[in-house]
Amino acid sequence: MTSLARCLDPELIQQVQRLDLRARFIVEGFLAGLHRSPFQGPSVEFSEHRKYVQGDDLRSIDWNVFARTDRMYVRRYAAETHLDCHLLLDASASMGYVGPRDERPRDGAPAAKLLYAVHLAAALAYLVMRQQDAVGLGIIGGGLRTWLPPRSRRTDLVHLLAALAAVRPSGETGLVRGVHDALHRAAHRGVFVILSDLLTDGSDLLRAFHHVRYRGHDLIVMHVLDAAETSLPFHGVLRLEDPESGAWLEVDSDSARAGLESAVRAWRAELKGRLDALRADYVALDTSMPFNRALVEFLIQRSRRR
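Rules used in this analysis
- Residues numbered from 1 in each chain as written.
- Predicted model: local features only at pLDDT ≥ 70, side-chain atom pairs only at ≥ 80, totals over all residues.
- Heavy atoms only, no water.
- Helix = DSSP H or I, 4+ residues; strand = E, 2+ residues; numbered from the N terminus.
- Buried < 20%, exposed > 50% of the residue type's maximum accessible area, 1.4 Å probe, protein only.
- Contact = heavy atoms within 4.5 Å.
- Expected span 1.5 Å × (residues − 1).
- Arc of directions from axis to C-beta.
- Core = buried A, V, L, I, M, F, W, Y, C linked by side-chain atoms within 4.5 Å.
- Axes fitted to C-alpha atoms, helices over the stretch in contact; angles between N-to-C directions.
- Parallel < 35°, antiparallel > 145°, perpendicular 65-115°, else oblique.
- Left-handed = near helix turned anticlockwise from the far one by under 90°.
- Nonpolar A, V, L, I, M, F, W, Y, C, P; charged D, E, K, R; others polar.
- Salt bridge = Lys/Arg side-chain N within 4 Å of Asp/Glu carboxyl O.
- Pairing = 2+ DSSP bridges.
- Polar contact = N/O pair within 3.5 Å; in protein donor to acceptor, adjacent residues only side chain to side chain.

**Section: the overall build of the protein chain**
For the protein chain, the helix and strand inventory stands at 11 helices and 10 strands. Per-residue burial for the protein chain yields a buried fraction of 47% across its 306 residues. Of all intrachain contacts in the protein chain linking residues separated by at least 6 positions in sequence, the fraction that spans at least 24 positions is 72%.

**Digging into helix α6 (residues 154-165)**
Helical periodicity: at 3.6 residues per turn, an α-helix aligns residues three or four positions apart in one direction. Compared with an ideal rise of 1.5 Å per residue, which puts 12 residues at 16 Å, α6 spans 17 Å between its outermost C-alpha atoms and is within 8% of the ideal. Every buried residue of α6 is accounted for by Asp 156, Leu 157, Leu 160, Leu 161, Ala 163 and Leu 164. Buried residues along α6 cover an arc of 155° about the axis, so they all sit on one side. When the buried face of α6 is taken as reference, the exposed residues oriented beyond 90 degrees from it are Arg 154, Val 158 and His 159.

**Overview of the nonpolar core**
Leu 87, Leu 120, Leu 124, Leu 164, Val 193, Met 222 and Leu 285 are the most contacted members of the largest nonpolar core, which totals 44 residues. Among the elements of the structure, β3 (84-90), α5 (112-130), β4 (134-140), α6, β6 (191-196), β7 (218-225), β10 (281-286) and α11 (291-304) are those that each provide at least two residues to this core.

**What about the packing of helix α7 (residues 175-185) against helix α8 (residues 202-214)?**
At a minimum axis distance of 9 Å, the contact between α7 and α8 shows a crossing angle of 15°. Between α7 and α8, the crossing angle belongs to the class labelled roughly parallel. Once α7 is placed against α8, the crossing between them reads as left-handed. Between α7 and α8, the contacting residues are Leu 175, Val 176, Val 179, His 180, Leu 183 and His 184 on the first element and Asp 204, Leu 205, Arg 207, Ala 208, His 211 and Val 212 on the second. For the contact of α7 with α8, a count of residues per class yields seven nonpolar, three polar and two charged.

**Considerations on the pattern of salt bridges**
Counted under the stated rule, the structure contains seven salt bridges. Taking the shortest distance from any N to any O, the salt bridge between Asp 197 and Lys 113 comes out at 3.1 Å. In this pair, Asp 197 sits in the loop between β6 and α8 while Lys 113 sits in helix α5, placing the two residues 84 residues apart along the sequence. Lys 113 matches Asp 197 in its accessibility class, with the two residues each being buried. One network of salt bridges, in which partners are shared, links Lys 113, Asp 197 and Glu 229.

**Structural notes on the sheet that holds β10**
Spatially, the six strands line up as an open sheet ordered β5-β4-β3-β6-β7-β10, and their pairing is mixed. The sheet terminates laterally at β5 (144-151) and β10, the two strands that pair on one side only. Each adjacent strand pair in this sheet contributes to an overall mean axis angle of 15°, direction not counted. In the sheet, β3 pairs with β4 via seven bridges, with the strands oriented parallel. Bridging across to β4, His 86 finds its partner in Gly 136.

**Observations concerning the environment of Ser 196**
Mapped onto the fold, Ser 196 is located in strand β6. The buried category is assigned to Ser 196, whose relative accessible area is 0%. Between the C-alpha atom of Ser 196 and that of Leu 88, which follows or precedes it by 108 residues, the distance is 8.4 Å. Those residues in contact with Ser 196, other than ones at most four positions away along the chain, are Asp 90, Met 95, Leu 175, Met 222, His 223 and Val 224. A polar contact of 2.8 Å, which involves the side chain of Ser 196, links it to the side chain of Asp 90. Engagement of the side chain of Ser 196 in a polar contact is seen with the backbone nitrogen of Leu 198, the distance being 2.8 Å.

**Points about the packing of α5 against α6**
Viewed as axis vectors pointing N to C, α5 and α6 meet at an angle of 175°, and their least axial separation amounts to 10 Å. With respect to their mutual orientation, α5 and α6 come out roughly antiparallel. Here α5 contributes Val 118, Ala 121, Ala 122, Ala 125, Tyr 126 and Met 129 to the contact with α6, which in turn contributes Arg 154, Leu 157, Leu 160, Leu 161 and Leu 164.

**Digging into unusual backbone geometry**
For Leu 198, which is not glycine, the phi torsion reads 60° and is therefore positive. With relative accessibility at 3%, the residue Leu 198 sits in the buried group. Even without glycine at this site, Arg 279 takes up a positive phi of about 60°. If you trace the backbone, Arg 279 turns up in the loop between α10 (253-277) and β10.

**Some thoughts on α7**
Considered for burial, the residues of α7 that qualify are Leu 175, Val 176, Gly 178, Val 179, Ala 182 and Leu 183. Relative to the axis of α7, the buried residues are bounded by an arc of 165° and lie together on one face. Projecting away from the buried face of α7 at angles above 90 degrees are the exposed residues Arg 177, His 184 and Arg 185. On its buried side, α7 packs onto β3, β4, β5, β6 and α8.

Written out as structure tokens, the structure is:
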């Protein structure tokens, strides 16, 4: 395994004890694999022109200068950052699902699916603050349990990571209510990043997504499932229990596998289509995926919103 792959391996990340070191480990390993920094901060104050070089964003070309000189120059700006990034983490009981692998929580840590989302939220917070933008956190259970408004100081990042490290899955899914509560508390328009398994009523959830966009925020939905929830790696009769309601049923996993995998693909395709229609972004993830996929998708979607 290469050093970069090791930095992005979810199982290896769990061996690092402190969440701040895990976040730094993920981000710096990810950045080490980039040939050119994607961090070009949003700015509002013009600074100067410079000659266009291959690879520059075509949107930064000053076409008025080109019309006068027949040469391409790009506009450069003084770095002024005004982005508020709101990370909304679903910590309901369903996020505590543990697949068949050796993923039992250690020392009171959250289970694999929630732990993956916590690591990803911590890495995103580290990325956003590295960009000198402001990042905040909402932890959602039956409703909005915790709200940390966006801040851009290092000390605020410490508080945010401490809140993430203390997250444990519990209660029924209150994602929709939590999103609405967070919207009422958000002081400025920004980016809402929702990290959840989205196991709740679909029509209510879509209305919440509409609400985010109606309020003028950009929206990125990171759909985190356990790898076992996308592939059903079991055999024989299986008892399935809802961790929030306690309801259960028995199924023959070998007979149900193809239907479940097809249903998950259809569900994700529908979510993507609905979010595309809202001009929002959808990232499908599971706990077997390295973190670089999620980080690349986040940067791509964020760059599209500038």
